[in-house]
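# Overview (structure and organization)
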Amino acid sequence: MANIDTTLDCSGMLCPMPVVKTRKALKGMEVGQVLQMISTDPGAMPDMEAWAKQTGHELIESNDNGDNVFTFTIKKTH
Amino acid sequence: MAEPKKQKRLALVATKGTLDWAYPPFILASAAAAMDWEVGIFFTFYGLPLLNKEIKATISPGSNPAMPMKMPFGPEKFQNIDWPMPNILMNNMPGFEGMATGMMKKMFKNKGVASIEELREACVDMDVQMIGCQMTMDVFGFSKEDFIEEAEVAGAAAFLAYAADADVSMFI
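Residues numbered from 1 in each chain as written. Chains lettered and ligands numbered in written order. Predicted model: local features only at pLDDT ≥ 70, side-chain atom pairs only at ≥ 80, totals over all residues.

On to the nonpolar core, then. Residues and elements named next belong to chain B. Ranked by internal contacts, the top residues of the largest apolar core, which has 55 residues, are Leu12, Ala29, Ala32, Ala33, Ile41 and Phe43. Tallying contributions element by element places helix α1 (residues 19-34) first for this core, with ten residues. The residues contacting Ala29, other than those within four sequence positions of it, are Leu10, Leu12, Val39, Ile41, Cys123 and Val128. (Core = buried A, V, L, I, M, F, W, Y, C linked by C-beta atoms within 7 Å. Buried ≥ 20, exposed ≤ 12 C-beta atoms within 10 Å, placed from the backbone. Helix = DSSP H or I, 4+ residues; strand = E, 2+ residues; numbered from the N terminus. Contact = placed C-beta atoms within 7 Å.)

As a further point, take helix α4 (residues 96-111) of chain B. Taking 1.5 Å per residue, 16 residues should reach 22 Å; α4 of chain B reaches 22 Å between its end C-alpha atoms and fits that length. Remark: Gly112 of chain B follows α4 of chain B within two positions and exhibits a positive phi of approximately 95 degrees. (Expected span 1.5 Å × (residues − 1).)

This brings us to the packing of helix α1 (residues 17-27) of chain A against α1 of chain B. A pair of packed helices is captured by two measures, namely the crossing angle of their axes and the spacing between those axes. Here α1 of chain A crosses α1 of chain B at 35 degrees, and the two axes come no closer than 8 Å. Along this stretch, α1 of chain A crosses α1 of chain B, giving a crossing that reads as left-handed. Between α1 of chain A and α1 of chain B, the residues in contact are Val19, Val20 and Arg23 of chain A and Ser30, Ala31 and Ala34 of chain B, respectively. Partitioning the contact of α1 of chain A with α1 of chain B into residue classes produces four nonpolar, one polar and one charged. (Axes fitted to C-alpha atoms, helices over the stretch in contact; angles between N-to-C directions. Left-handed = near helix turned anticlockwise from the far one by under 90°. Nonpolar A, V, L, I, M, F, W, Y, C, P; charged D, E, K, R; others polar.)

Across chain B, the average pLDDT comes to 88, with 88% of residues at or above 70. Listed scores for the predicted complex are pTM 0.86 and ipTM 0.88. (pLDDT = per-residue confidence, 0-100.)

All names here are of chain A. Two strands pair when backbone bridges link them, and strand β2 (residues 34-39) and strand β4 (residues 70-75) are joined in this way by six bridges, in the antiparallel orientation. Bridge pairing in β4 links Leu35 to Ile74. The hairpin formed by strand β3 (residues 58-64) and β4 contains five residues between the paired strands, and Gly66 there has a positive phi angle of roughly 80 degrees. (Pairing = 2+ DSSP bridges.)

If you look at the interface, chain A gives 16 residues, while chain B gives 15 residues. When contributions to the side of chain A that touches chain B are tallied by element, the ones reaching two or more residues are α1 and α2 (44-55) of chain A. The dominant element in the side of chain A that touches chain B, judged by the number of residues it contributes, is α1 of chain A, at four residues. Residue classes in the side of chain A that touches chain B are distributed as eight nonpolar, six polar and two charged.

Next up, the structure:
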């Protein structure tokens, strides 16, 4: 389990706000730091995978916690 | 970790100015920009007012007979009912459009969809290029001063040259 430097709660937000907020949060972080993002968007799982692939940031972990709650652990790589 | 590949580019043409149709270009643009893509939106014809400082987009149920009408309040079962809206009612009842617009805004807000203003602001924050169509401005009497200050103005040839190097292009 990676140490989490920042947590971003996107609960209640639908597409595309979770990826928009994630990008913004990462902008303010250092390379190597880890962000945890919480989302209740049912589309967040495929969206975050695509987002990580496109941006090159590392999606360390994505969890479906049930009840439409998802958590993502992202490492800023550049 | 390898550096991401060459920056991708999205070129959008936004041609519609109703509230519902204002969403797709701003959603796609902000999602692409959030993935570090370069994004340009060319606003033309009825899409042009989306560059206005204040967006006054409404929905137009009369010209969209397939539009479902749902109630933004009440129990979930009630909210999920599709209310049939006869055209005669939509086209002739004064104030219907305003009411339908208010209901759609409320439904979007309840469900957690960002407003058009928020999405446009996110686009501006992420350096999405907003380009107004010069010809449409001349025809419909818009001036650059009407628009948000981040807006640029260009013609079809200039936008096509931009789109020629895009990885994804869409006409909305």
